[in-house]
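Okay, here's what each chain looks like letter by letter:
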Amino acid sequence: MSLPTAEWTAALDRMNDAITRSLADLERHRTEWAPVTDTPAEVTQPGMLLAWLERRLGQWDARLTASAELAATVEKQLDEREAAVGRWQEMFGKWRDLIEQGVKPASTSESVSLG
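For clarity, every value in this text was computed on a predicted model and none was experimentally measured.

Caption draft 1: Molecular detail of the overall build of the protein. Of regular secondary structure, the protein possesses two helices and zero strands. In the protein, buried positions account for 4% of the 115 residues. Accessible surface for the protein amounts to roughly 10600 Å². Of this, 62% is attributable to carbon and sulfur atoms.

Caption draft 2: Seen up close, the packing of aromatic side chains. Inspection of the entire model under this criterion finds two aromatic pairs. An angle of 25° between the planes, with centres 5.4 Å apart, marks the rings of Trp 88 and Phe 92 as stacked. Placement of both Trp 88 and Phe 92 in helix H2 (residues 46-101) is noted, with a separation of four residues, approximately one turn of the helix. Given the relative accessible area of 48%, Trp 88 is considered partly exposed. You can call Phe 92 partly exposed: its relative accessible area is 43%. Ring geometry for Phe 92 against Trp 95: centres 5.1 Å apart, planes inclined by 85°, an arrangement best described as edge-to-face. Taken together, the positions of Phe 92 and Trp 95, both in helix H2 and three residues apart, correspond to about one turn of that helix. The exposure class assigned to Trp 95 is partly exposed, which follows from its relative accessible area of 44%.

Caption draft 3: Geometry of a nonpolar patch on the surface. A cluster of nonpolar side chains, namely Trp 88, Met 91, Phe 92, Trp 95, Leu 98 and Ile 99, defines an oily patch on the protein surface of about 630 Å² accessible area. Inspection of the secondary structure puts Leu 98 in helix H2.

Caption draft 4: Quick look at a negative patch on the surface. A contiguous patch of negative charge, built from Glu 75, Asp 79, Glu 80 and Glu 82, is present on the exposed surface. Among the structural elements, Glu 75 can be located in helix H2.

Caption draft 5: Here's a closer look at the side chain of Arg 56. Summarising the element assignment, Arg 56 is placed in helix H2. Engagement of the side chain of Arg 56 in a polar contact is seen with the side chain of Gln 59, the distance being 3.0 Å.

Caption draft 6: Region of the structure containing the pattern of salt bridges. Counted by the stated rule, this structure contains four salt bridges. A salt bridge links Asp 97 to Arg 96; its shortest N-O distance comes to 3.8 Å. Note on Asp 97: relative accessible area 35%, which makes it partly exposed. On the basis of relative accessible area, Arg 96 is assigned to the partly exposed category, the value being 48%.

Caption draft 7: Structural context of H2. In this model, H2 (56 residues) spans 80 Å end to end at C-alpha, consistent with the 82 Å of a helix rising 1.5 Å per residue. If you check which residues of H2 are buried, you get Trp 52, Arg 56 and Gly 93. At the C-terminal side of H2, Gly 102 shows a positive phi close to 75°.

Here is what the cut-offs are and how they apply
Residues numbered from 1 in each chain as written. Predicted model: local features only at pLDDT ≥ 70, side-chain atom pairs only at ≥ 80, totals over all residues. Heavy atoms only, no water. Helix = DSSP H or I, 4+ residues; strand = E, 2+ residues; numbered from the N terminus. Buried < 20%, exposed > 50% of the residue type's maximum accessible area, 1.4 Å probe, protein only. Areas by Shrake-Rupley, 256 points an atom, 1.4 Å probe, with all protein chains shown as cover. Phe/Tyr/Trp six-rings, centres within 6.5 Å; stacked < 30°, edge-to-face > 60°. Patch = residues over 30% accessible without salt bridge, like charges linked within 9 Å, V, L, I, M, F, W, Y side chains within 5 Å. Salt bridge = Lys/Arg side-chain N within 4 Å of Asp/Glu carboxyl O. Lys, Arg positive; Asp, Glu negative; His and termini not counted. Charge placed at Lys NZ, Arg CZ, Asp CG, Glu CD. Polar contact = N/O pair within 3.5 Å; in protein donor to acceptor, adjacent residues only side chain to side chain. Expected span 1.5 Å × (residues − 1).

Keep in mind these numbers describe shape, not what the thing actually does.
Shown next, in the form of structure tokens:
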């Protein structure tokens, strides 16, 4: 009875390929998340730790500033849209009042001709 060495070798090759892919994925994730999980494990001196903390706080300040600018832009857009809706409501309210009163507009020369 012979040992299934070819099958074992093939299985080991598949495992090796899977491990290689997993390590590559792990390395990719590590580099993508490095800014978030950047911890000074080797830092022992207070000055180095302080420099690291200042750098991290600077990054967060930049993110907060960008977020505040984006929020201000969105708020301005919402205010503009709210004002436009208010103008439309006012105009339709005037039209409704005119229709309810049965009054025609004062001048037909200013209206747009559809024909």
